[in-house]
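Below, each chain spelled out in residue letters.
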2 protein chains.
Amino acid sequence: MPKGFRDIEAGEIRAMSGMLARIREVYEIYGFEPLETPAIEYTDALGKFLPDQDRPNEGVFSFTDEDDRWLSLRYDLTAPLARYVAANFDRLPKPFRRYAVGPVWRNEKPGPGRYRQFMQFDADTVGTDNIAADAEICMLAADTMEALGFQRGEYVIKVNSRKVLDGVMEAIGVGGPEDAGRRLTVLRAVDKLDRLGIDGVRLLLGPGRKDESGDFTKGAGLSDVQVATVVAYLTAQGRDGAEKLARVEALIRESSTGTAAVSDLVDLLSLCQDAGYPQGRIGFDPSVVRGLEYYTGPVFEAELTFEVRNEEGQTVRFGSVGGGGRYDDLVARFTGQRVPATGFSMGVSRLQAALAARGKAKARAGRGPVVVLVMDRSELPRYQRLAQQLRAARIPAEMYLGTSGMKAQMKYADRRGSPCVVIQGGDEVARGEVQIKDLIEGARLSATITDSKEWREARPAQVSVPEAELVSAVRSVLARHERG
Amino acid sequence: MPKGFRDIEAGEIRAMSGMLARIREVYEIYGFEPLETPAIEYTDALGKFLPDQDRPNEGVFSFTDEDDRWLSLRYDLTAPLARYVAANFDRLPKPFRRYAVGPVWRNEKPGPGRYRQFMQFDADTVGTDNIAADAEICMLAADTMEALGFQRGEYVIKVNSRKVLDGVMEAIGVGGPEDAGRRLTVLRAVDKLDRLGIDGVRLLLGPGRKDESGDFTKGAGLSDVQVATVVAYLTAQGRDGAEKLARVEALIRESSTGTAAVSDLVDLLSLCQDAGYPQGRIGFDPSVVRGLEYYTGPVFEAELTFEVRNEEGQTVRFGSVGGGGRYDDLVARFTGQRVPATGFSMGVSRLQAALAARGKAKARAGRGPVVVLVMDRSELPRYQRLAQQLRAARIPAEMYLGTSGMKAQMKYADRRGSPCVVIQGGDEVARGEVQIKDLIEGARLSATITDSKEWREARPAQVSVPEAELVSAVRSVLARHERG
């Protein structure tokens, strides 16, 4: 298998599909409708919006079609949505609200927990610049966290605005086109507040920073006054989001873009608060940047605030499990016409890792099928019929299909997690009976009964019934272990 | 969007997910476990097994990774399964039974109903050459058809064997390696029996055939005696599969491969018959070839036998909706060790087209969300709270997020298929009330009440309730139209 890819096995698939069903329910309750777009799009249509791309097509899997046009695997679900909306604009209800779930691909360096194919679950509202649409997306994200079982206080939806960040850049005099590179360095530094703390960020805004390993990261080279402004922005205090935002506004007073954006964020947070989502659930966070380049206004990030151990054994906040924001110019790439839009993307794999860390989504081992053992290869039709009887009663079942003997068959049933096996040897056939062996009870007893004579005499967890009672006898074994 | 790809909208997605749930249930009842493999594999690992490939990599989307190794999008779910089994052989229960569902990609010429991305739903048993495994796969396919709502008589699982076809080739003296090309031409002719009838096939086996448009297809150039043998094979008659197979055996008596394969098919059909799947559900069909080159033994095809109109307006059998077979050499490509396997792949899109043709899967329009109208933009928090109340009661709901007036908002609600809208203007606020307007009832009445005075006085399908009764009032509207 190529590096950066992985297989997903039964337990994880079962846990995942339960999680997807819960997310889907929240999205539908909010009035979003499903849409599926293909995995492959014209490269042009996707655009180049991935964070930190230096080379063209970096980050994207691309190839040419028979007419030598470039095609790419989608790297998110937002760019294909913009293409869909542009193509179907006239016939869509507006605003258009859609959700989408599916794999996306990134041709990036893989790492621990970082794959080249992963799943996203998005909700977007297209065709309105109403800040209430952004507020609703944040409420949707908060409700999704709780639907997945995270408690209040374990998560926060952090809100900021690209335009507020633009205002900060203008305030420190790096707002012009000639400073694009430096702005990117500043934003990367801001983005690292959670990880490095304010002192680390201060170094990255100034001369640069040497990490524990001795590696030096060149800084943005801002002057002390400029650094102080950015630090004041990042550490703005206040009893609530509105107060914090008032302080931010004071810092960027000269940027009309910035002050308008602050006013939008105040409205957004107040709509959330009025609807029952106070600061602890949805709050302003000046360090939220979001990497994708198509964002034009408010940006959101869902963060899990509880602590887990990372790969190095350090205790850290679990961190981001999804994000989004407003992207008012993405559809215009196709039609020329500005179609404002906002949305959110849940990182399904990250969420699942978080649930596992929380002990809320143990990969469900699942109950295996009932296995009908093959005692005599010439009697296959007989065993097959027994399996079909169970299946007709909607009990997962199978006849053993290998060639091994009794002991290996029992071992197979164990590995499949079978609740019981069905045995019909010559004696049972003669008596018109089947024997049912309860593997779960058997395993429990074998831990307590150590005397083999006692075991043989008790024949625990084993019962013979008339063949006609096969289904009901198996059902009572299943009932005995229901959720046990 | 690149040609050969398509977007799938809400109605179709809802119908599709119901269908997938029914297929999944049957597969799980048969004891198969889910597995997901990535979309991208090493090109080498997938191999070149697509039908009728002349050029290398024809039919597959491919590209190179950063180490210049060739990667491809999977063209089916079987080749990735072989790769998975080879990589995890020691720790898997054997036989290993897995199901998988997901998109596959083919870089082929698109046509009507023929896309470059489509979904397959597979079940496979790996690690046994027991013919009972093949029989079970056929029963699974038959049960799946019925779970989807096809009646007995509307479908048949057709069974043949690659080795029986090999036997026919040997019988007519084209079994050697020098005749590989001619064998392919003969198999293509055999494969066309359904479409062209026996006379058309006879021409394609001999000199060739001119179709209605005047296009000439070169034949296999067999002699009259050779053609007669193939025709006798294709038209073998008998009261049941066993009798038909006895006639086939007489034709290929000299091929030991062929006669052993006939005996396997007799066993397969007898296991099915004993388990309650008579000839009409699972039967021998000498014309089944299956294009994929990795098949080594029995091959299966699920055919829908009812008639539909094709694109040219002709009445034809609906035809194939899936297929499979035994592929004993696919895992050995990785490990060198022979691991026999058999499986079936359901063509999900074809099945959905069939259900639609049968009127069994009308794309469910679905009920849209309740829409809370925006009467006064300064009151957004109020409307937002109303929407959140409904959502908290698990009623899909939204506040209108556009900027248009009352009439456009009503039209929006109509297009979303909303059951009702919630209206709270100044008068209602003053009285602490909300107005609920039943759009379904309203549409029905507007068809019967033509007098506008009568309409105004009746104010049909509209009710004012105290704000505290919003949820229960909306619930009674929903209940009124439940499944109506």
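Not measured: the values here are computed from a predicted model. (Residues numbered from 1 in each chain as written. Chains lettered and ligands numbered in written order. Predicted model: local features only at pLDDT ≥ 70, side-chain atom pairs only at ≥ 80, totals over all residues.)

Engineer: Break down the overall build of chain A for me, citing the residues and quoting the values.
Structural biologist: Along the backbone of chain A there are 18 helices and 18 strands. Expected size for 484 residues packed as a compact globule is a radius of gyration near 23 Å; at 29 Å, chain A overshoots this value by more than 25%. Across the 484 residues of chain A, 45% fall into the buried class. (Helix = DSSP H or I, 4+ residues; strand = E, 2+ residues; numbered from the N terminus. Rg over C-alpha atoms; globule rule 2.2 N^0.38 Å. Buried ≥ 20, exposed ≤ 12 C-beta atoms within 10 Å, placed from the backbone.)

Engineer: Give a description of the nonpolar core that names residues and reports values.
Structural biologist: Within the largest apolar cluster, 263 residues are counted, with the highest numbers of intra-cluster contacts made by Cys-138 of chain A together with Cys-138 of chain B. Those residues in contact with Cys-138 of chain A that lie beyond four places of it in its chain are Ile-157, Val-159, Cys-272, Ile-282 and Phe-300 of chain A. (Core = buried A, V, L, I, M, F, W, Y, C linked by C-beta atoms within 7 Å. Contact = placed C-beta atoms within 7 Å.)

Engineer: Before we move on, could you go through the sheet that holds strand β12 (residues 315–326) of chain B and cite the residues and values that matter?
Structural biologist: Residues and elements named next belong to chain B. A sheet is described by the order of its strands in space; here 8 strands give the open sequence β1-β5-β6-β13-β12-β11-β7-β10, paired in mixed fashion. In this open sheet, the two strands that pair with only one neighbour each are β1 (33–34) and β10 (282–284). Judged from the 9 bridges that link them, strand β11 (residues 298–309) and β12 form a sheet pairing that is antiparallel. In the sheet register, Phe-300 faces β12, and the bridge partner there is Gly-324. Docked against the sheet, helix α3 (residues 78–88) engages β5 (96–105), β6 (117–126) and β13 (341–347), running at close to 40° with respect to β6. (Pairing = 2+ DSSP bridges. Axes fitted to C-alpha atoms, helices over the stretch in contact; angles between N-to-C directions.)

Engineer: Could you give an account of the domain arrangement of chain A, naming the residues involved and the relevant values?
Structural biologist: Each assigned domain of chain A is listed here: domain 1 (10–172 + 222–357) and domain 2 (370–481). Once you take the C-alpha centre of each, domain 1 of chain A and domain 2 of chain A turn out to be 52 Å apart. (Domains from an automatic or database assignment.)

Engineer: Break down the sheet that holds strand β4 (residues 70–73) of chain A for me, citing the residues and quoting the values.
Structural biologist: Pairing between the strands of a sheet comes from backbone hydrogen bonds, and it takes one of two forms, parallel or antiparallel. Residues and elements named next belong to chain A. Judged by pairing direction, the sheet is antiparallel, and its 3 strands sit side by side in the order β2-β4-β3 without closing on themselves. Of all strands in the sheet, those bounded by a partner on one side alone are β2 (40–42) and β3 (62–64). Between one strand axis and the next, the sheet turns by 35° as a mean value, whatever way the strands run. The pairing of β2 with β4 spans 3 bridges and is classified as antiparallel. Bridging across to β4, Glu-41 finds its partner in Ser-72.

Engineer: Lay out the relation of the copies chain B and chain A in plain terms, naming residues and giving numbers.
Structural biologist: Superposing chain B onto chain A requires a rotation of 180° together with a translation of 0.0 Å along the rotation axis, leaving an RMSD of 0.0 Å. Such a combination of turn and shift is consistent with a two-fold rotation axis. Of the C-alpha atoms belonging to chain B, the one lying closest to the rotation axis is found on Phe-63 of chain B, 2.9 Å away. An overlap of 100% is found between the interface residues of chain B and their copies at the interface of chain A, pointing to a shared contact surface. (Least-squares fit on C-alpha atoms with pLDDT ≥ 70 in both.)

Engineer: Explain unusual backbone geometry residue by residue, including any values.
Structural biologist: Residues and elements named next belong to chain A. Residues Lys-94 and Pro-95 are joined by a peptide bond in cis, for which omega reads -5°. Mapped onto the fold, Pro-95 is located in the loop between α3 (78–88) and β5 (96–105). Residue Asp-68 is not a glycine yet carries a positive backbone phi of 60°. Of note, Asp-68 is situated in the loop between β3 and β4. Notably, Arg-394 is not glycine yet its phi reads approximately 65°, a positive angle. Residue position: Arg-394 is located in the loop between α13 (380–392) and β15 (397–399).

Engineer: Break down the pairing of β4 of chain A for me, citing the residues and quoting the values.
Structural biologist: All names here are of chain A. Sheet analysis places β3 next to β4, joined by 3 bridges and oriented antiparallel. Bridging from a neighbouring strand, Thr-64 pairs with Trp-70 of β4. Hairpin remark: β3 followed by β4, antiparallel, with 5 residues in the connecting loop; positive phi at Asp-68, about 60°.

Engineer: Any details on the environment of Val-429 of chain B? Residues and values, ideally.
Structural biologist: Among the structural elements, Val-429 of chain B can be located in helix α15 (residues 426–431). Counting along the chain gives 401 residues from Val-429 of chain B to Glu-28 of chain B, while the straight-line C-alpha distance between them is 54 Å.

Engineer: Describe helix α13 (residues 380–392) of chain B, naming the residues involved and giving the relevant values.
Structural biologist: Residue and element names in this part refer to chain B. Under the 1.5 Å per step criterion, the end-to-end length of α13 is 18 Å for 13 residues, consistent within 8% with the ideal 18 Å. Leu-380, Tyr-383, Gln-384, Leu-386, Ala-387, Gln-388, Gln-389, Leu-390 and Arg-391 are the residues of α13 that are buried. Immediately downstream of α13, the backbone of Arg-394 shows phi near 65°, a positive value. (Expected span 1.5 Å × (residues − 1).)

Engineer: Any details on the pairing of strand β17 (residues 433–438) of chain B? Residues and values, ideally.
Structural biologist: Every regular strand shows the same layout, with side chains that alternate between the two sheet faces. Residue and element names in this part refer to chain B. Across the 6 residues that make up β17, a large majority, 5, are buried. Here strand β16 (residues 420–423) pairs with β17 via 4 bridges, running antiparallel. Considered in β17, the bridge of Cys-420 is made with Asp-438. Bridge count between β17 and strand β18 (residues 462–466): 5 bridges; the pairing is antiparallel. In the sheet register, Ile-436 faces β18, and the bridge partner there is Val-463.

Engineer: Describe helix α18 (residues 470–481) of chain A, naming the residues involved and giving the relevant values.
Structural biologist: Residue and element names in this part refer to chain A. For α18, which comprises 12 residues, the first-to-last C-alpha distance of 17 Å matches the rise-based estimate of 16 Å (1.5 Å per residue) to within 8%. Three or more residues of α18 are buried, namely Leu-470, Val-474 and Val-477. Looking straight down α18, one finds its buried side chains confined to an arc of 55°; they lie on one side. Across from the buried face of α18, at angles greater than 90 degrees, the exposed residues are Ser-472 and Ala-479. In this structure, the buried residues of α18 make contact with β14 (370–372), α13, β16 (420–423), β17 (433–438) and β18 (462–466). (Arc of directions from axis to C-beta.)

Engineer: I'd love a proper account of the environment of Ile-252 of chain B, names of residues and values included.
Structural biologist: All names here are of chain B. Looking at the secondary structure, you find Ile-252 in the loop between α9 (241–251) and α10 (256–274). Overall, the presence of 25 C-beta atoms within 10 Å leaves Ile-252 in the buried class. Taking the C-alpha atoms as reference points, Ile-252 and Thr-229, separated by 23 residues in sequence, lie 9.3 Å from one another. Ignoring any residue separated from it by four or fewer positions in sequence, one finds Ile-252 in contact with Gly-167, Val-168, Glu-170, Ala-171, Gly-258 and Thr-259.

Engineer: Could you give an account of the packing of helix α6 (residues 180–191) of chain A against helix α7 (residues 193–205) of chain A, naming the residues involved and the relevant values?
Structural biologist: All names here are of chain A. The interhelical angle for the contact between α6 and α7, taken along N-to-C directions, is 145°, at an axis separation of 7 Å. The residues of α7 that touch α6, namely those facing Val-186, Ala-189 and Val-190, are Leu-193, Val-201, Leu-204 and Leu-205. For the contact of α6 with α7, the class distribution of residues is 7 nonpolar, no polar and no charged. (Nonpolar A, V, L, I, M, F, W, Y, C, P; charged D, E, K, R; others polar.)

Engineer: Lay out the environment of Thr-315 of chain A in plain terms, naming residues and giving numbers.
Structural biologist: On the secondary structure map, Thr-315 of chain A appears in strand β12 (residues 315–326). Since 8 C-beta atoms lie within 10 Å of it, Thr-315 of chain A is described here as exposed.

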